[in-house]
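Letter by letter, the chains look like this.
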Amino acid sequence: MKSHFNLQGSIVALVTPFTSSGKIDYLSLENLLHLHRVNNSDGIVICGTTGEGPAFSLNEFSRLVGFVAEKIAGRIPVIAGSGANVTSRAVALSTAAMQAGADGLLISNPYYNKPTDKGIELYFREIADSVDLPIIMYNVPGRTGSNMTSELILKLAREINNIVGVKEASGDLQQVMEVIAHRPSNFKVYSGDDALALPIISLGGDGCISVVANQIPKPFRNMIHAALKGNIEEARDLHY
């Protein structure tokens, strides 16, 4: 599976629009998907942190992922945020995303509980065994309360076939460099911070799973692709 996963560029962590009554606004969501298609975003994350993924019921989650997958219709990859603080829920979400048509999963390590490295490892192993989809790990200690070390990230990358990348939001460039320097072939490293996207790509990263791409999809994509092509001066001008 790793040899077939080649997602690079600007991947938007899509917001979830709601009506004034608190229902999911599917018309506005379809308009947002159109915005990202015409501005050539390279991928979409649905039900991530920015999309308020942890707040949805399993039924809401399944319907959202299915709606987005249907409307995108294979034009760009759809990645579903299916991490949780309980392994069984993460498995249920991941399975539902697969059945709803997602192309991949974005999975944070368990939040709040602060498991040991072994606990995090077992969590990812159980989820990976339950689905036949590419998995991007999400290291975001500011939200989960625990950092995935470079050693743990690399161990999972080497040993689990369908773990294909990491969204790195630790803010620790030394850690990001260690992962990039020692990663397996075809393992992707994405910035989880918009402001660090250019530095991480300059160090060998593959793109960014971005919040600001919700507002400025085209300029942000242009910056990411300039950096990926090695046009650093152009990318730096767009960055600033």
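Here the structure is a predicted model, which is why all the values come from computation and not from measurement.

J.: So what exactly am I meant to see when it comes to the overall build of the protein here?
T.: Assigned secondary structure in the protein consists of ten helices and eight strands. At 17 Å, the protein has a C-alpha radius of gyration in line with the 18 Å of a compact globule built from 240 residues. Counting only C-alpha atoms and orienting by the principal axes, one finds that the protein spans roughly 45 × 40 × 30 Å. Residue burial in the protein is summarised as follows: out of 240 residues, 51% are buried.

J.: I keep staring at the state of the cysteines and nothing clicks. Help me out?
T.: In a disulfide, the sulfur atoms of two cysteines are covalently bonded to one another. Within the structure shown, the criterion is met by zero disulfides. Distance from the sulfur of Cys47, which forms no disulfide, to the nearest cysteine sulfur (Cys208) is 19 Å. By relative accessible area, which is 0% here, Cys208 ends up buried.

J.: Could you clarify how one ought to interpret unusual backbone geometry in this entry?
T.: What is expected of a backbone is that most residues other than glycine have negative phi and most peptide bonds are trans. Positive phi, close to 65°, is recorded for Glu52, a residue that is not glycine. Positionally, Glu52 belongs in the loop between strand E2 (43-46) and helix H2 (58-72). Classification of Glu52 by relative accessible area gives partly exposed; the value is 40%. With phi around 50°, Ala73 is a residue other than glycine that occupies positive phi space. Tracing the sequence through the fold places Ala73 in the loop between H2 and strand E3 (78-81).

J.: Help me understand the side chain of Asn214, please; the structure alone is not making it clear to me.
T.: Residue placement: Asn214 occurs in the loop between strand E8 (207-210) and helix H9 (217-228). Of the residues examined, Asn214 reaches a relative accessible area of 14% and is grouped as buried. In contact with Asn214, not counting residues within four places along its chain, are Val12, Ala13, Leu14, Val15, Leu35, His36 and Thr50.

J.: How do you make sense of the pairing of strand E1 (residues 9-13) when you look at a structure like this?
T.: Side chains on a regular strand alternate between the two faces of the sheet. For E1, the tally of buried residues reaches five of five residues, placing the bulk of the element in the interior. Across four bridges, the pairing between E1 and E8 is parallel. The partner of Gly9 across the bridge, within E8, is Gly207. Where E1 meets E2, three bridges bridge the pair, whose relative direction is parallel.

J.: Even after reading the chapter, I still don't get the sheet that holds strand E7 (residues 188-191), so can you show me in this structure?
T.: The strands making up a sheet associate through backbone hydrogen bonding, with each pair oriented either parallel or antiparallel. Within the closed barrel, the eight strands sit side by side as E1-E2-E3-E4-E5-E6-E7-E8. Their pairing is parallel. Adjacent strand axes in the sheet meet at a mean angle of 25°, parallel and antiparallel pairs treated alike. One ladder, built from two bridges, connects E7 with E8; its direction is parallel. Within E8, the position partnered with Ser191 by the bridge is Cys208. In the packing of H9 onto the sheet, the strands contacted are E1 and E8, and the crossing angle to E1 comes to about 145°.

J.: What am I meant to see in the pattern of salt bridges here?
T.: Where charged atoms from two side chains of opposite charge come close, those side chains can pair. Evaluated as defined, the whole model comprises eight salt bridges. Between Glu159 and Arg125 there is a salt bridge, with its nearest N and O atoms 2.3 Å apart. Of this pair, Glu159 sits in helix H6 (residues 150-159) while Arg125 is found in helix H4 (residues 117-130), placing the two residues 34 residues apart along the sequence. Judged by relative accessible area, Glu159 falls into the partly exposed class, the value being 44%. Exposure remark for Arg125: the relative accessible area of 24% places this residue in the partly exposed category.

J.: Just to check I follow, could you spell out the packing of aromatic side chains for this structure?
T.: Working definition: an aromatic ring pair is given by the centre-to-centre distance plus the angle between the planes. Tallied over the entire structure, the rule returns three aromatic pairs. Here the aromatic rings of Tyr123 and Phe124 are separated by 5.1 Å at their centres, their planes lie at 80°, and the arrangement is edge-to-face. Just as Tyr123 is buried, Phe124 falls in that class too. Taking the ring centre of Tyr138 as reference, the NZ or CZ of Lys167 above it sits at 4.1 Å.

What counts and how
- Residues numbered from 1 in each chain as written.
- Predicted model: local features only at pLDDT ≥ 70, side-chain atom pairs only at ≥ 80, totals over all residues.
- Heavy atoms only, no water.
- Helix = DSSP H or I, 4+ residues; strand = E, 2+ residues; numbered from the N terminus.
- Rg over C-alpha atoms; globule rule 2.2 N^0.38 Å.
- Buried < 20%, exposed > 50% of the residue type's maximum accessible area, 1.4 Å probe, protein only.
- Disulfide = S-S within 2.5 Å.
- Contact = heavy atoms within 4.5 Å.
- Pairing = 2+ DSSP bridges.
- Axes fitted to C-alpha atoms, helices over the stretch in contact; angles between N-to-C directions.
- Salt bridge = Lys/Arg side-chain N within 4 Å of Asp/Glu carboxyl O.
- Phe/Tyr/Trp six-rings, centres within 6.5 Å; stacked < 30°, edge-to-face > 60°.
- Lys NZ or Arg CZ within 6 Å of the ring centre and 35° of its normal.

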